[in-house]
Amino acid sequence: MAVSPQRPLVAFLLLLVYCSSCGFSIPDPRQREALMRLEASMQTGGQVVLTDAEQRLDALLFKMKQEEMKGRDFPPAMHFFKARHLINKSPIFSLLQRMPKGGALHVHDLAMVSVEWLVKNVTYRPNCYMCFTDNRSLRFLFSSSWPKDLPHCSAWNLLENLRAKEVNTTDLDDSIMGNLTLFTHQDPESMYPTQDVVWDRFEQAFLAVMGLVRYAPVFRDYYYEGLTQFYMDNVMYLELRALLPEIYELDGSTHDTTWALKTYVEVTRQFKAEHPDFFGTRIIYTVHRGLDLSVMVGVVEEAMKLQRDFPGIMAGFDLVGREDSGRPLWYFREALSLPVEKGVTLPFFFHAGETDLEGTDVDQNLLDALLLNTSRIGHGFALVRHPVAKEMSRKKGVAVEVCPISNQVLKLVKDLRNHPAAALMSENHPMVISSDDPAMFGASGLSHDFYEAFVGFGGTSSHVGSLKQLAMNSIWYSSLNPKQQEDALALWQRRWDKFVSEIVHNGENGGKL
């Protein structure tokens, strides 16, 4: 487990400094230096002992970050959609892309693959139909015969026919892409003026993607492509929040959740065989928090069965969807207490605190998640406003899954320097960095979010030790058992040492970082 500050010792040292400075008009510079060192030691990575090579890398990174912060446009202070092109040109971002980042522990199944792949690969397959909803969103379906019309949707269009009529298919493809992602080259603040507007668009995009991904041949290919894209971003392990939806075939026949989970097992096994330095994937089964209590009881019972039948890949259970408009965890307490009552192990990984509505029932999700023994907290944006939940989280070693870009795009914070996780990093609170829905935001698997955390949250105080600990945290706070964590950490360490050596060699010899 990550090292946490010795809080009683800190309090004693502060009291000692205070008492010794009483009666003096000019503070002792030695005490000032001691306090600065103490504060630095308390932050994420502050107690990581760096090797000689890591110290040289740290010096290179510090210079790079100073240059970055001198610029007129500071990316973390801008909306990600406006900042992305600047981040992509950043030497720090280039370095972070190459850095072995460990695991991504908060990623959703329908937003892990770039929309470019979905449009250029999936929508060009035969028998792909598309219709327009009343609010101008899209729905897709693969079918061997002309599908029946959907309520509140236009007549179906066979995309092959539609493209044959188009003079410029690029415009059509770009239009489709725009419906599958929130990313826009227009002014995002004008396009998404409120949380209600951006969340509505967000949910519509998920519904559009679902029709493509739920088609059995695509489901398998999509997941493999998702693993590929995260692997190419130097992510070696994934914990995927998956709906395990009903998967359909071309003739309309369907497969259940067990089939979907078996497919995840098979594709993961295939990917690992072809990429020996990829450690694997585990699935967090998710359902929407808008369900009724009676329905949730059945879902939790199903989750317990899946956990029993697929212990190797099933990590646990979570509720998804917008917290502010969904049912709070307390509403589901009877259903969520079933595993304990029946003596069944079903780990929870609850979304909680993804809100800025202080004092509401939803705002209590953080405490309720901890009372229900959640293994991690998804987002935890509101955690700094809840000192009791924050202390419980620290003492129980319950890490917060921080997703910087998601929180900004969904309008919880405008300037990422002001993200609550910056305060959590300053005191080494249990934390991992993840990407939530990277395809919806036009982001990479994990590197863009690491950039925002490293440069935005940490400023010049974050360093190589911060990056190293965040990467290790993603293994320590994963759902892997202790032996698997040990093996994963050893694999990561070999990749980390190679990365540090290469970057330092190139940087000190005038080569490209």
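Residues numbered from 1 in each chain as written. Predicted model: local features only at pLDDT ≥ 70, side-chain atom pairs only at ≥ 80, totals over all residues. Heavy atoms only, no water.

(A) Quick look at the pattern of salt bridges. Summed over all chains, the structure comprises 28 salt bridges. Across the pair Glu502 and Arg98 runs a salt bridge whose closest N-O atoms are separated by 3.5 Å. Taken as a pair, Glu502 in helix α23 (residues 482–508) and Arg98 in helix α5 (residues 91–98) lie far apart in primary sequence, 404 residues in all. Ionic contacts of the salt-bridge type, sharing partners, join the residues Glu239, Arg241, Asp318, Arg376 and Glu401 into one network. (Salt bridge = Lys/Arg side-chain N within 4 Å of Asp/Glu carboxyl O. Helix = DSSP H or I, 4+ residues; strand = E, 2+ residues; numbered from the N terminus.)

(B) Local environment of the sheet that holds strand β13 (residues 431–433). Here we have four strands laid out as an open sheet, ordered β10-β11-β12-β13, and parallel in their pairing. A single partner strand is all that each edge strand has here, and the edge strands are β10 (351–352) and β13. (Pairing = 2+ DSSP bridges.)

(C) Quick peek at the packing of aromatic side chains. Applying the stated rule across the entire model yields 23 aromatic pairs. Between Phe81 and Phe183, the ring centres sit 5.0 Å apart and the planes meet at 65°, which makes this aromatic pair edge-to-face. Placement of the pair is Phe81 in helix α4 (residues 80–88) and Phe183 in the loop between α8 (169–179) and α9 (188–191), with a sequence separation of 102 residues. One exposure class covers both Phe81 and Phe183, and it is buried. Note on Trp496 and Phe499: the rings are 5.6 Å apart at their centroids and 45° apart in plane angle, and the pair reads as tilted. Remark: Phe499 and Trp496 occur in helix α23; sequence separation between them is three residues, near one turn of the helix. Ring pairs connect the aromatic residues Trp199, Phe202, Phe206 and Phe441, which therefore count as one cluster. The aromatic ring of Phe183 is capped on one face by Arg84, whose charged end is 3.8 Å from the ring centroid. Arg327 extends its terminal NZ or CZ atom over the ring of Tyr331, reaching a point 4.6 Å from the ring centre. (Phe/Tyr/Trp six-rings, centres within 6.5 Å; stacked < 30°, edge-to-face > 60°. Buried < 20%, exposed > 50% of the residue type's maximum accessible area, 1.4 Å probe, protein only. Lys NZ or Arg CZ within 6 Å of the ring centre and 35° of its normal.)

(D) The arrangement of the sheet that holds strand β2 (residues 128–132) in detail. Read from one edge of the open sheet, three strands run β3-β2-β4, paired in antiparallel fashion. The outermost strands of the open sheet, each flanked by one partner alone, are β3 (138–142) and β4 (157–158). Across two bridges, the pairing between β2 and β4 is antiparallel. Bridge pairing in β4 links Tyr129 to Leu158.

(E) Local environment of the state of the cysteines. Per the stated rule, a full pass over the model turns up one disulfide. Paired through a disulfide, Cys131 and Cys153 show a sulfur-sulfur distance of 2.1 Å. Measuring handedness by torsion sign, the sulfur bridge of Cys131 and Cys153 sits at about 90° and is right-handed. Of this pair, Cys131 sits in strand β2 while Cys153 sits in the loop between β3 and β4, placing them 22 residues apart in sequence. Residues Cys131 and Cys153 agree in their burial class; the two are buried. Free of any disulfide, Cys128 has its nearest cysteine sulfur in Cys131, 11 Å distant. (Disulfide = S-S within 2.5 Å.)

By themselves, these figures tell us nothing about what the structure is for.
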